[in-house]
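Inside the fold
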Amino acid sequence: MVRVGIGYDVHRLVTGRKLILGGISIPFEKGLLGHSDADVLIHAIMDALLGTLALGDIGQHFPDTDPELAGVSSVALLEQVKELLEQKGWRLGNLDSVVVAQRPRLAPHIQSMRENLARIMAVTLDQISLKATTTEGLGFTGTGEGIAAYAVVSVVRKD
């Protein structure tokens, strides 16, 4: 049996924060604003994974009102979501994702992000697809106000 989920997230770009995407620090003059490290890619992935089993969204599992989660690494949260899936008898089949940002240029970092996500999810690299695109200057991502991410995942029953 296979189940599929979709996730989407967006965060505002601000000065004074590190830019973290896919658990990797990306050199840039701005970072994403959020209660955690605001990793939009990992947030979209978590929502997609939770959606596969109708387990709600990341806000239900990791509320931004919880002071213990202030500044938390999204990698740590993704590891918890992975554990939850495994406890229910599922594992990642594949991930296909897109990060939407006018700047910075993400192509040089795609492979590192893929490798990091494969390591976290304990899968092979060919199960992780990651692309980056711009919006040709249109919308909030095009004007540099924020970054968005989409993720589609499949999960399969553990053997």
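Just so it is clear, the model here is predicted, and its values are computed rather than measured.

Turning our eyes to something else, we now look at the packing of aromatic side chains. Applying the stated rule across the entire model yields 1 aromatic pair. Taking the centre distance of 4.8 Å and the plane angle of 45° together, the rings of Tyr8 and Tyr150 count as tilted. In this pair, Tyr8 sits in strand β1 (residues 2–14) while Tyr150 sits in strand β7 (residues 146–157), placing the two residues 142 residues apart along the sequence. The exposure class of Tyr8 is partly exposed, given its relative accessible area of 38%.

Our next topic: the nonpolar core. The biggest cluster of nonpolar side chains holds 48 residues, and the ones touching the most others in it are Leu21, Leu49 and Leu78. Where this core is concerned, the elements lending two or more residues are β2 (19–21), β3 (24–26), α1 (40–52), α3 (74–87), β5 (90–100), α4 (110–121), β6 (128–133) and β7. Counting residues per element, this core draws most heavily on α1, which supplies 9 residues. Look past the residues within four positions of Leu21 in its chain and what remains in contact with it is Ile26, Leu32, Asp39, Val40, Leu41, Val99, Leu106 and Met113.

Before going further, it helps to examine the packing of α1 against α3. In the contact formed by α1 and α3, the axes pass within 10 Å of each other and the chain directions differ by 15°. The angle between α1 and α3 places the two elements in the roughly parallel class. Remark: the crossing between α1 and α3 carries left-handed chirality. Facing α1, whose interface residues are Ile42, His43, Ile45, Met46, Leu49, Leu50 and Thr52, α3 presents Ser74, Val75, Leu77, Leu78, Val81, Leu84 and Leu85. When the residues that make up the contact of α1 with α3 are grouped by side-chain class, the tally is 11 nonpolar, 3 polar and no charged.

Definitions and limits used
- Residues numbered from 1 in each chain as written.
- Predicted model: local features only at pLDDT ≥ 70, side-chain atom pairs only at ≥ 80, totals over all residues.
- Heavy atoms only, no water.
- Phe/Tyr/Trp six-rings, centres within 6.5 Å; stacked < 30°, edge-to-face > 60°.
- Helix = DSSP H or I, 4+ residues; strand = E, 2+ residues; numbered from the N terminus.
- Buried < 20%, exposed > 50% of the residue type's maximum accessible area, 1.4 Å probe, protein only.
- Core = buried A, V, L, I, M, F, W, Y, C linked by side-chain atoms within 4.5 Å.
- Contact = heavy atoms within 4.5 Å.
- Axes fitted to C-alpha atoms, helices over the stretch in contact; angles between N-to-C directions.
- Parallel < 35°, antiparallel > 145°, perpendicular 65-115°, else oblique.
- Left-handed = near helix turned anticlockwise from the far one by under 90°.
- Nonpolar A, V, L, I, M, F, W, Y, C, P; charged D, E, K, R; others polar.

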